[in-house]
Amino acid sequence: MTEASTTRRSRITPEREAELYAAVLDLLREVGYDALTMDAVAARTRSSKATLYRQWGGKPELVVKAIRHTKPAGATGIDTGSLRGDLHTLTSQEDDCTMQQNAALMRGLFMAVHGNPDLLQAFKELLIEPEMEEFRRILRRAVDRGEVRADRPALDYVVHMLVGAFATRSLIDDRPPTKAFLTSYIDAVVLPALGVPVT
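Here the structure is a predicted model, which is why all the values come from computation and not from measurement. (Residues numbered from 1 in each chain as written. Predicted model: local features only at pLDDT ≥ 70, side-chain atom pairs only at ≥ 80, totals over all residues. Heavy atoms only, no water.)

In this section: the side chain of Ser47. Looking at the element boundaries, Ser47 is found in the loop between α3 (38-45) and α4 (49-56). With relative accessibility at 19%, the residue Ser47 sits in the buried group. A distance of 2.9 Å separates the side chain of Ser47 from the side chain of Arg16, its partner in a polar contact. When sequence neighbours within four positions are dropped, the list of residues in contact with Ser47 reads Arg16, Leu20, Ala42 and Leu52. (Helix = DSSP H or I, 4+ residues; strand = E, 2+ residues; numbered from the N terminus. Buried < 20%, exposed > 50% of the residue type's maximum accessible area, 1.4 Å probe, protein only. Polar contact = N/O pair within 3.5 Å; in protein donor to acceptor, adjacent residues only side chain to side chain. Contact = heavy atoms within 4.5 Å.)

In structure tokens, the structure reads:
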């Protein structure tokens, strides 16, 4: 983070920032990304639009940072000593109710990304790339421990498999993703694809 952005951020307390992010997510659920405006965020949070733009630069950055703020820690700090343990821990960080709300929110945002290159760029830089790096670290540890062979083709597709299962559960089964569904999917699909025995 640059010195300028650090200075810019220091104007809002962490508590106020969390309040703003919660309001942004509420608005997103109510109206969707395309209809969400900085005017509406300013009104909902009793902020000035100038403050919002100074702090976040624009709607894409504000929305993605709001999502990142409310997400669990992701893969950071997870190290159970086995790939299965790490993946199960990763999928159990949210309760089923929160997971269902987030799945609905992400479905709407995935649609919005197609018509909003700025939103896509913000997603990649602020959310996807940092989380992918943490996830790659989990997989590298599994390779280093000898659990997964380094030349296993499925290594390049683990994230695709997990995101696909999460995103398409409601489409295919007309049911929301749950911890039980994701852990069983890991055991039935992901680990076998990697050649990891499920005991």
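Here we come to unusual backbone geometry. In this model, Arg46 sits at a positive phi of 55°, which is unusual for a non-glycine residue. Among the secondary structure elements, Arg46 is positioned in the loop between α3 and α4. Residue classification places Arg46 among the exposed positions, given a relative accessible area of 75%.

Let us now look at the packing of helix α2 (residues 14-31) against α3. It is at 10 Å that the axes of α2 and α3 come closest, and there the two elements cross at 125°. By the criterion of interaxial angle, the relationship of α2 to α3 is oblique. Here α2 runs over α3; the crossing is right-handed. Contact with α2, carried on its side by Arg16, Leu20, Ala23, Val24, Asp26, Leu27 and Glu30, involves Ala40, Val41, Arg44 and Thr45 of α3 and no other residues of that element. For the contact of α2 with α3, the per-class residue count stands at six nonpolar, one polar and four charged. (Axes fitted to C-alpha atoms, helices over the stretch in contact; angles between N-to-C directions. Parallel < 35°, antiparallel > 145°, perpendicular 65-115°, else oblique. Left-handed = near helix turned anticlockwise from the far one by under 90°. Nonpolar A, V, L, I, M, F, W, Y, C, P; charged D, E, K, R; others polar.)

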